[in-house]
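# Structure assessment
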Amino acid sequence: MGRLNRRSPDALIFLIFLVFLASSTSAWKKDEFRSCRQTPFCKRARGRAPNSLPSFSVTDVSLSDGGVSARLVPVPTLLQVTDDDPSTVDVDDASSRSLLLRLSVYRGGILRLEIDEDPSSAPTTKRRFRLPDVLLPNIDDSRLWLSRLSSDGASATSFYLADGFEGVLLHDPFQIVVHRAGSGGEPVLSLNSHGLFDFEQLRAKKDDENWEENFRSHTDSRPHGPQSISFDVSFHGADFVYGIPEHASTSLSLRPTRGPGVDESEPYRLFNLDVFEYLHDSPFGIYGSIPFMLSHGTRSTSGFFWLNAAEMQIDVLAPGWDDPAAPNAGRVDTFWMSEAGVVDAFFFVGPGPKDVLRQYASVTGTQAMPQEFAVAYHQCRWNYRDEEDVAAVDAGFDEHDIPYDVLWLDIEHADGKRYFTWDRVLFPNPEEMQNKLAAKGRHMVTIVDPHIKRDDSFYLHKEATEKGYYVKDASGKDFDGWCWPGSSSYPDMLNPEIREWWADKFSLKEYVGSTPSLYIWNDMNEPSVFNGPEVTMPRDAIHMGDVEHRELHNAYGYYFHMATSNGLLKRGNGKDRPFVLSRAVFAGSQRYGAIWTGDNSADWDHLRVSVPMILNLGLTGMSFSGADVGGFFGNPDIDLLVRWYQLGAYYPFFRAHAHHDTKRREPWLFGEQNTALMREAIHTRYSLLPYYYTLFRAAAVTGIPVMRPLWLEFPSDKETYDNSEAFLVGSSLLVHGIYEKDQKSASVYLPSGESWFNLRNGVKFDGGVSHKLAVSEDSIPSFQRAGTIIPRKDRFRRSSTQMVNDPYTLVIALNASLAAEGELYIDDGKSYDFEQGAYIHRRFIFADRKLTSIDIRPSNVGDKKFSTDCTVERIILLGLPSGAKKAVVEPGNHETSIELGPLTLRRGSIPVALTIRKPNVRVADDWSLRIL
């Protein structure tokens, strides 16, 4: 406020803005956001009974360009639903026009369904929007060329989908079924098996029609009228469904929203919104939308993805929803509704859970490989006040022996919230500030949001205005909305030219005061508009090509994330991996960086919901995600803060963050005992960085997430299917949070098939059992799976970059056969040289009392090499019968002793595990070690 007083016009605007903000966005208020009943397309669709709609029949089926082409012809009916009343009769020409259908098959068990209007019979020049630049650009390289179709008379057409699977197009009424091949093959997925497919075609407006929609004080002109699409999708052989983030829920699986036994409930809403202090258990949509759902059961795992960025509402239907007298068993029915767009949907047949994730990744991409520093600990606050504050926080970590890698600056660092600038009173020497952090191997992140301050003296606004780069309002003028700077406009990120312009702003020349060690945070990119309907951009705003905002709303933040990431890529001449954190998320966002779960609260419920939220993000491609440690809003009690650090240390993205109205909460401000507990949690993360980095490499290659629900690794264990309190890091570590104040014990289920070793004391526990464990303040329950090998680095430095040359520890947890395996991936941690083969990838195998390190880097990955002199300094053996005294290392016939040692090097640790110290082997070499 003091700084704004130096500029009286800004001060007046800001005071007005504060009054508005206090009344409208200080906390979540139900009446500020639309319910399904207040959303006409959702209300209409939800009011329909199964098989009550005008049906479509399939005609003109043929092979065309290697796929199946057909027409969907509406069957004449007396009933057509209108906007206001699901029971009214209104037959018009739109109800008689046919639709175009296309089916394509892709390698690996993927079926694509596209349905759109026939442009040759369209009564208007408006065309339905098809979302660009989300699918991988080379997706058609994996398309299979169908050479023949099988016909069952006039009733069905079938075709090859994958080994063991085929697709069937039923003709009358229209239906898509994917089932296992062969006579009587079980269905896996089906669309429109309950006759709920509806497609509101664009049409000319009648003289007496009013297409406007009103919500509170806002009017949506809806110039093209109703254009919604809805259909049912059934997951056969499924017990639960997951995915479609982003919602806050205590449940890992998606609970039913309609049907017997379900109280009045909203559908799961996918509509990117800036929600302050969101509810901890609600189907209400928040910052991101990924319209990908996957199912799992003892008989089948499958997935469904609808490429559509308009508002979507999805019902999960309880058994018996269609017929209470005959509830469906072994099937989950769902109902998908969207305001606009086309049908561009993908069916993923599995058959295993990881197969579905790989299939989805082959369509939308895998997680971008992060720099290694980004996987470490981040310290953030709204706001670190000035350069002195930054220096004091940085020094505080060193003084208290707590490592960290990144210090963040929120909106107050900029000059009057003009992004790409610095408040030169508070941050007079930004390059020097960043360079001081970089000298310790640390980095800085600054915030850059999409709203640009409408100030004629601000070069960015002036340039965007002159070039015509802003989103337009319904009248064709530059859209003007309110956000942090006051009056603001928003770049039209749908336009590739504008994305390139934006990317250029991150060059060191354009972003004055930035350095190569500075990275970026995109907030408010839903986009948030404080005085807009539902705190977002009006749906009738206009983008490139006369595309309405309603048609691409959920992807705006995706395009902004993309442009920012590409800007950092250009800044580094394509050699430096970007790090960009985004709040808004859509399918494909994983290719451009990390996301977090937004403005959570400092309470135990929000700690609890962080786990299913992050797990569902990982299942839908976003492996690099986390929640604000400590909670953004409010002041956590110290018990909660410590527990959050202990849990957050295992999140893929590990950052503490807090609102400017909260008390300062750097880890050393709560007394030495609590500082020690938080220090230990952060040390745990740093020791596991080699393991996490290896998992991020796997995510970048396969699409399998870093943080995983238990059922992903134990698909046959029913006890894991809806476990929302525990998770796996990779396949080897199991973590169970502590979610209540003063909790003295926890019931922890350890999956069947393997034993588990407590990470704190090495005690062995049986799998397939729930164990009641005493809880201590110094840790949360965590276990290593028998049969695995985890690489660690146990020497602690100021930052991860200072650990590069430190030696490794291998922790071997033996299974009942006294065997174990694990991997280690190493590269330079920052460049793209790994794409040309500059990396080390080792597999460690323990069998027959012998540990072997083998090279699993393919020989054809490129000519570049990466080398390291790092060695293995300790090998910890869990589950090896006592009696072993020494080991022999080959080559060299070098003998080394085996003795009892601690599991960790933290102060006070006692010897509990057999340990081989200083075997003097290089991690990059082939070697073996035999236990004698």
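Residues numbered from 1 in each chain as written. Predicted model: local features only at pLDDT ≥ 70, side-chain atom pairs only at ≥ 80, totals over all residues. Heavy atoms only, no water.

### Looking at the overall build of the chain
In plain terms, the rule: Secondary structure elements follow DSSP: runs of H or I of four or more residues count as helices, runs of E of two or more count as strands, with numbering from the N terminus. Summary of the burial criterion: residues with accessible area below 20% of their type's maximum are buried, those above 50% are exposed, and those between are partly exposed, where the area comes from a 1.4 Å probe applied to protein chains only. Throughout, a contact is declared for two residues whenever any of their heavy atoms are within 4.5 Å. Accessible surface area values rest on a Shrake-Rupley calculation with a 1.4 Å probe, where residue burial reflects the displayed protein chains alone. We treat Lys and Arg as the positive residues and Asp and Glu as the negative residues; His and chain ends play no part in the count. Charge coordinates come from a single atom per side chain, which is NZ of Lys, CZ of Arg, CG of Asp or CD of Glu.
Secondary structure summary: the chain contains 14 helices and 54 strands in total. Taking the principal axes of the C-alpha coordinates as reference, the chain spans close to 90 × 80 × 55 Å. Burial analysis of the chain (932 residues in total) assigns 64% to the buried set. When contacts within the chain are restricted to residue pairs at least 6 apart in sequence, long-range pairs at least 24 apart make up 72% of them. Of the roughly 32,800 Å² that the chain leaves accessible, carbon and sulfur atoms contribute 50%. Distance between charge centres in the chain, computed from 99 positive and 124 negative side chains, equals 5 Å.

### A look at the packing of aromatic side chains
Here is the rule: Note on aromatic pairs: the rings of Phe, Tyr and Trp (six-membered ring only in Trp) are paired at centre separations within 6.5 Å, and the planes decide the class, stacked below 30 degrees, edge-to-face beyond 60, tilted for the rest. Should the NZ of a Lys or the CZ of an Arg lie within 6 Å of a ring centre and within 35 degrees of the ring normal, that charge is described as sitting over the ring.
Inspection of the entire model under this criterion finds 59 aromatic pairs. Judged by centre distance (6.0 Å) and plane angle (75°), the ring pair of phenylalanine 231 and phenylalanine 304 falls under edge-to-face. One end of the pair, phenylalanine 231, is in strand 14 (residues 229-236); the other, phenylalanine 304, is in strand 19 (residues 301-306), with 73 residues separating them in the sequence. Among the residues examined, phenylalanine 231 registers a relative accessible area of 0% and is labelled buried. Relative accessible area serves as the criterion here: at 0%, phenylalanine 304 is assigned to the buried category. Ring plane angle 75° and centroid distance 4.9 Å describe the contact between phenylalanine 632 and phenylalanine 633, whose orientation is recorded as edge-to-face. Phenylalanine 632 sits in the buried class, given a relative accessible area of 5%. Classification of phenylalanine 633 as buried rests on a relative accessible area of 9%. The positively charged end of arginine 655 is found above the aromatic ring belonging to tryptophan 521, 4.8 Å away from the centroid. Between arginine 655 and the ring centre of tryptophan 596, over which it is positioned, the NZ or CZ distance is 5.0 Å.

### A look at the sheet that holds strand 34 (residues 594-596)
Basically, it comes down to this: Paired strands, in this sense, are two strands between which DSSP finds at least two bridges.
Read from one edge of the open sheet, eight strands run 35-34-32-29-25-24-23-36, paired in parallel fashion. Either end of the sheet is taken by a strand with one partner, and the two such strands are strand 35 (625-626) and strand 36 (654-656). Judged from the four bridges that link them, strand 24 (residues 406-409) and strand 25 (residues 443-447) form a sheet pairing that is parallel. Looking at strand 25, one finds that leucine 409 is bridged to threonine 446.

### Regarding the sheet that holds strand 26 (residues 452-453)
Pairing in this open sheet of three strands is antiparallel, and the strands run 26-28-27 from one edge to the other. Across the chains shown, the open sheet's two edge strands, defined by having one partner strand only, are strand 26 and strand 27 (481-483). Here three bridges tie strand 27 to strand 28 (residues 486-489), and the two strands are oriented antiparallel to one another. Counterpart to cysteine 483 in the pairing with strand 28 is glycine 486.

### Some thoughts on the UniProt feature "domain: Glycosyl hydrolase family 31 C-terminal" (unreviewed entry) in the chain
Selection rule: UniProt positions are given in the numbering used here, feature names are shortened, and annotations may be inferred rather than shown by experiment.
Within the UniProt annotation, "domain: Glycosyl hydrolase family 31 C-terminal" (unreviewed entry) is assigned to residues 703-790. Taken end to end, residues 703-790 comprises 5% helix and 39% strand; its first and last C-alpha atoms sit 20 Å apart.

### A closer look at the layout of surface pockets
Let me state the cut-off plainly: A cavity here means a set of points on a 1 Å grid, drawn over the protein atoms and nothing else, where a 1.4 Å probe fits but cannot get out; a pocket is an open set with protein on both sides within 12 Å along at least five of seven lines, and a residue lines either one if it has an atom within 4 Å of a point. Grid points are joined across faces, edges and corners, and a volume is the space filled by probe spheres set on the points. Under the scheme applied, nonpolar residues are Ala, Val, Leu, Ile, Met, Phe, Trp, Tyr, Cys and Pro; charged residues are Asp, Glu, Lys and Arg; polar residues are all the others, including Gly.
Each pocket or cavity is described by its volume, and for the largest pocket that value is around 830 Å³. Lining the largest pocket are 32 residues, and of these Glu680, His683, Arg760, Thr904 and Arg906 lie nearest its centre. Elements with a contribution of two residues or more to the lining of the largest pocket: helix 12 (672-687), strand 44 (782-785) and strand 45 (788-792). The biggest single contributor to the lining of the largest pocket is helix 12, with eight residues. In the lining of the largest pocket, the residues fall into 13 nonpolar, ten polar and nine charged.

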